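Observations on chain architecture
One-letter residues, chain by chain:
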Amino acid sequence: MKSFRRELWFHIPQRRQTVDITDQVGEALRDSGVNEGLCLVNAMHITASVYINDAESGLYDDMERWLEKLAPHEPVSQYRHNVGEDNADAHLKRSVMGREVVVAVTDGRLDFGPWERIHYYEFDGRRRKRVLVKIIGE
Ligand code: ZN
């Protein structure tokens, strides 16, 4: 069995942003040489998510507004976590959107359903953060 590991680095200049990372994960898969197996992609930070959905700008805006209703950033004083920091909403948003995705690898390709794309969702940016790609198979 082959095993392959790669870290993808991000530095989002603002607090929140969605990034389509499907092509970067596909490149990791090509470099892994795995034809049949599984590909795990996870955010390595507790204030960012990796999720799969449509890469469509209207949906990005809808998700942003929906998450902001669930866990508004302001006022920061509403959260008990925000003692000396201001990112409680980012932890909550990450809990809603999840930590990781797993995609089947078939014939050397990510075996997606229609319109599925892998996204990194930053909730507390302005610093370097990582996503782990782990691919196993043969
Ligand atoms: Zn925090």
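Residues numbered from 1 in each chain as written. Predicted model: local features only at pLDDT ≥ 70, side-chain atom pairs only at ≥ 80, totals over all residues. Heavy atoms only, no water.

**Focus: the nonpolar core**
What counts is decided by this rule: Each nonpolar core is a collection of buried residues, namely Ala, Val, Leu, Ile, Met, Phe, Trp, Tyr and Cys, held together in the definition by side-chain atoms within 4.5 Å. In this scheme, a residue with accessible area under 20% of its type's maximum is buried, one over 50% is exposed, and one in between is partly exposed, where area comes from a 1.4 Å probe on protein chains only. Every helix listed is a DSSP run of H or I at least four residues long, and every strand listed is a run of E at least two residues long, numbered separately from the N terminus. Two residues form a contact once any of their heavy atoms are found within 4.5 Å.
Counting 24 residues, the largest nonpolar core has Ile21, Val25, Val41, Ile118 and Tyr120 as its most contacted members. Of all the secondary structure elements, the ones that give two or more residues to this core are strand S1 (2-11), helix H1 (22-32), strand S3 (37-43), strand S4 (48-53), strand S5 (100-106), strand S7 (117-122) and strand S8 (128-137). With residues near it in sequence (within four places) discarded, Ile21 still touches Leu8, Phe10, Val41, Ile118, His119, Tyr120 and Val131. Counting seven residues, the second-largest nonpolar core is a separate cluster that includes Leu67, Met97, Tyr121 and Phe123.

**Quick notes on the sheet that holds S7**
Our working definition: In this scheme, strands are said to pair when DSSP sees at least two bridges between them. Axis definition: a line fitted to C-alpha atoms, over the contacting stretch in the case of helices. Angles run 0 to 180 degrees between N-to-C directions.
With respect to topology, three strands assemble into an open sheet ordered S2-S7-S4, the strand pairing being antiparallel. With partners counted over all chains shown, the strands left at the sheet margins are strand S2 (17-20) and S4, one partner each. Mean inter-strand twist for the sheet, computed between neighbouring axes without regard to direction, equals 25°. Contacts from helix H3 (residues 88-97) reach S4 and S7 within the one sheet, and its direction differs from that of S4 by about 30°.

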